[in-house]
Amino acid sequence: MNQAARSDQAPASGETLLELDGIGISFGGLRAVDDLSFRVRRGEIVGLIGPNGAGKTTVFNMITGVYKPTNGHIRWHGEDLTGRPPHSVAKAGIRRTFQTIRLFADMSVLENVIAGEHLQIRQKWWQGLLNTPAQRREEQTLIDRAMEVLRQLNLADVAHENATSLPYGAQRRVEMARTLVAKPELIILDEPAAGLNEFESAGLNDTIRAIRDAGVTVILVEHDMSVVMNVTDSIVVINFGKKIAEGKPEEIRRNPLVIEAYLGQDDDDEDPLMQAVRQEQVTP
Ligand SMILES: Nc1ncnc2c1ncn2[C@@H]1O[C@H](COP(=O)(O)OP(=O)(O)O)[C@@H](O)[C@H]1O
Ligand SMILES: [Mg+2]
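Residues numbered from 1 in each chain as written. Chains lettered and ligands numbered in written order. Predicted model: local features only at pLDDT ≥ 70, side-chain atom pairs only at ≥ 80, totals over all residues. Heavy atoms only, no water.

**Some words on the overall build of the protein**
Broken down by element type, the protein carries 10 helices and 10 strands. For the protein, the proportion of its 284 residues judged to be buried stands at 52%. Sequence-distant contacts in the protein: of pairs separated by 6 or more residues, those separated by 24 or more amount to 65%. Approximately 13900 Å² of the protein is accessible, and the part contributed by carbon and sulfur atoms is 49%. (Helix = DSSP H or I, 4+ residues; strand = E, 2+ residues; numbered from the N terminus. Buried < 20%, exposed > 50% of the residue type's maximum accessible area, 1.4 Å probe, protein only. Contact = heavy atoms within 4.5 Å. Areas by Shrake-Rupley, 256 points an atom, 1.4 Å probe, with all protein chains shown as cover.)

Quick look at the structure:
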């Protein structure tokens, strides 16, 4: 194994952060993911797409340590991450968001964001244990960091409002802010457009770019065509657990294998990517 451990110095932009090298896993007789390889470079927004049942969530779960691949390796900064438990993966700098929003209902936006970070550290400062100067300094550092993230995600104005009273799109940004406050190097977004209306989903592009501009690399697991195509630098497409295409959004949109994979789905499937691919086909 090489020695590319994390360094305090800013590494060259574009270096490989995450590498999936021939990973695979089976459930019973089903090969859910098979011999999948791709890389994620620092500063990129990478889309992971595929029809329903293609294996996206399974890949996600292998990267985040929920499932252990039976084949292949996952490398992070060149170090083998394969089979590490979720908390260890998170500690290494890889964080995820959840498809369903999980905010504390009785807390403000700021408190929610700080609570997210606070899960990693010791004291429940918000419960009034602010006795020593060290604790007060710790609190102020957390507030400063949380406000920085809230500004990045355009949430500073609502910092003191009740988190769950915000519109759904803003709640989703609070979820992301909560993840970002821990300064991950890579964030994996699990279908962030799910449940958003058209307007909110358009705003999501700006949010994802803001995350990248804040220095965080992004993997986007997503169905929404408009989000994936407009915001990603590159896209990996999987079907039946195998990679069928990889490239820039314009290339992916025209790739016959991708079109075929999406057209092969049931007619009543509501997947927006499939709909968009269909429209693309009938309107040259
Ligand atoms: N824990 C599991 N046990 C058995 N089969 C699973 C499990 N997780 C996923 N699968 C199967 O693996 C395949 C890929 O699923 P999944 O990764 O959820 O696809 P996607 O997220 O792309 O829709 C599907 O056929 C699914 O039924
Ligand atoms: Mg899924």
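**Quick look at the site of ligand 1**
Taken together, F27, L30, A32, P51, N52, G53, A54, G55, K56, T57, T58 and Y67 form the complete shell of residues around ligand 1. Calculation on ligand 1 without its partners gives an accessible area of 550 Å², and the protein chains cover 61% of this total. Going through the elements one at a time, β2 (30-41) and α1 (56-63) are the ones with two or more residues in the shell around ligand 1. Within the shell around ligand 1, the residues separate by chemical class into 6 nonpolar, 5 polar and 1 charged. (Near = heavy atom within 4 Å. Nonpolar A, V, L, I, M, F, W, Y, C, P; charged D, E, K, R; others polar.)

**As for the sheet that holds strand β1 (residues 16-27)**
Taking strand neighbours across the sheet as the criterion, the 4 strands line up as β2-β1-β4-β5 in an open arrangement whose pairing is antiparallel. Only two strands of the sheet have a single partner each, and these edge strands are β2 and β5 (79-80). Pairing between β1 and β2: 8 bridges, direction antiparallel. Bridged to T16 within β2 is R41. (Pairing = 2+ DSSP bridges.)

**Digging into the pairing of β1**
Between the end of β1 and the start of β2, which pair antiparallel, lie 2 residues, with G28 showing a positive phi angle near 60°. Looking at chain direction, β1 and strand β4 (residues 71-76) are connected through 5 bridges and run antiparallel. Looking at the pairing, L18 lines up with W76 of β4.

**Comments concerning the pattern of salt bridges**
Following the criterion strictly, the structure yields 14 salt bridges and no others. With a closest N to O distance of 3.2 Å, E148 and R145 form a salt bridge. Residue E148 and its partner R145 are located together in helix α4 (residues 133-152), separated by 3 residues, close to a single helical turn. Given a relative accessible area of 34%, E148 falls into the partly exposed group. Two residues, E175 and R178, come together in a salt bridge whose shortest N-O distance is 3.2 Å. Remark: R178 and E175 occur in helix α5 (residues 168-180); sequence separation between them is 3 residues, near one turn of the helix. Take E175: its relative accessible area is 7%, and that puts it in the buried class. (Salt bridge = Lys/Arg side-chain N within 4 Å of Asp/Glu carboxyl O.)

**A look at a nonpolar patch on the surface**
Together, F27, L30, V66 and Y67 line one region of the surface with nonpolar side chains, adding up to about 350 Å² of accessible area. Take F27: its relative accessible area is 35%, and that puts it in the partly exposed class. (Patch = residues over 30% accessible without salt bridge, like charges linked within 9 Å, V, L, I, M, F, W, Y side chains within 5 Å.)

**Remarks on helix α9 (residues 256-263)**
For α9, the full list of buried residues reads V258, I259, A261 and Y262. Summarising the axial view, the buried residues of α9 lie within an arc of 160°, below the 170-degree limit, and thus occupy one face. For α9, the exposed residues lying more than 90 degrees away from the buried face are P256 and E260. Backbone nitrogen of L257 and a side-chain oxygen of the N-cap are separated by 2.8 Å at the start of α9; the cap is N255. (Arc of directions from axis to C-beta. Polar contact = N/O pair within 3.5 Å; in protein donor to acceptor, adjacent residues only side chain to side chain.)

**Description of the nonpolar core**
One recurring pattern in soluble globular proteins is that nonpolar side chains are buried together. Counting 37 residues, the largest nonpolar core has L110, L150, L153, L155, I208 and I211 as its most contacted members. Listed by contribution, the elements that provide at least two residues to this core are α3 (109-118), α4, α5, β7 (186-190), α6 (198-213), β8 (217-221) and α7 (225-231). Top contributing element to this core by residue count: α4, with 6 residues. Split by domain, this core shows at least three residues from each of two domains, domain 1 (14-93 + 184-284) and domain 2 (105-183). In this structure, I208 is in contact with I45, L189, V218, L220, V227 and V231, ignoring residues within four places of it in sequence. Counting residues in each nonpolar core, the second largest holds 29 residues, with V33, V40, A54 and I94 among its members. (Core = buried A, V, L, I, M, F, W, Y, C linked by side-chain atoms within 4.5 Å. Domains from an automatic or database assignment.)

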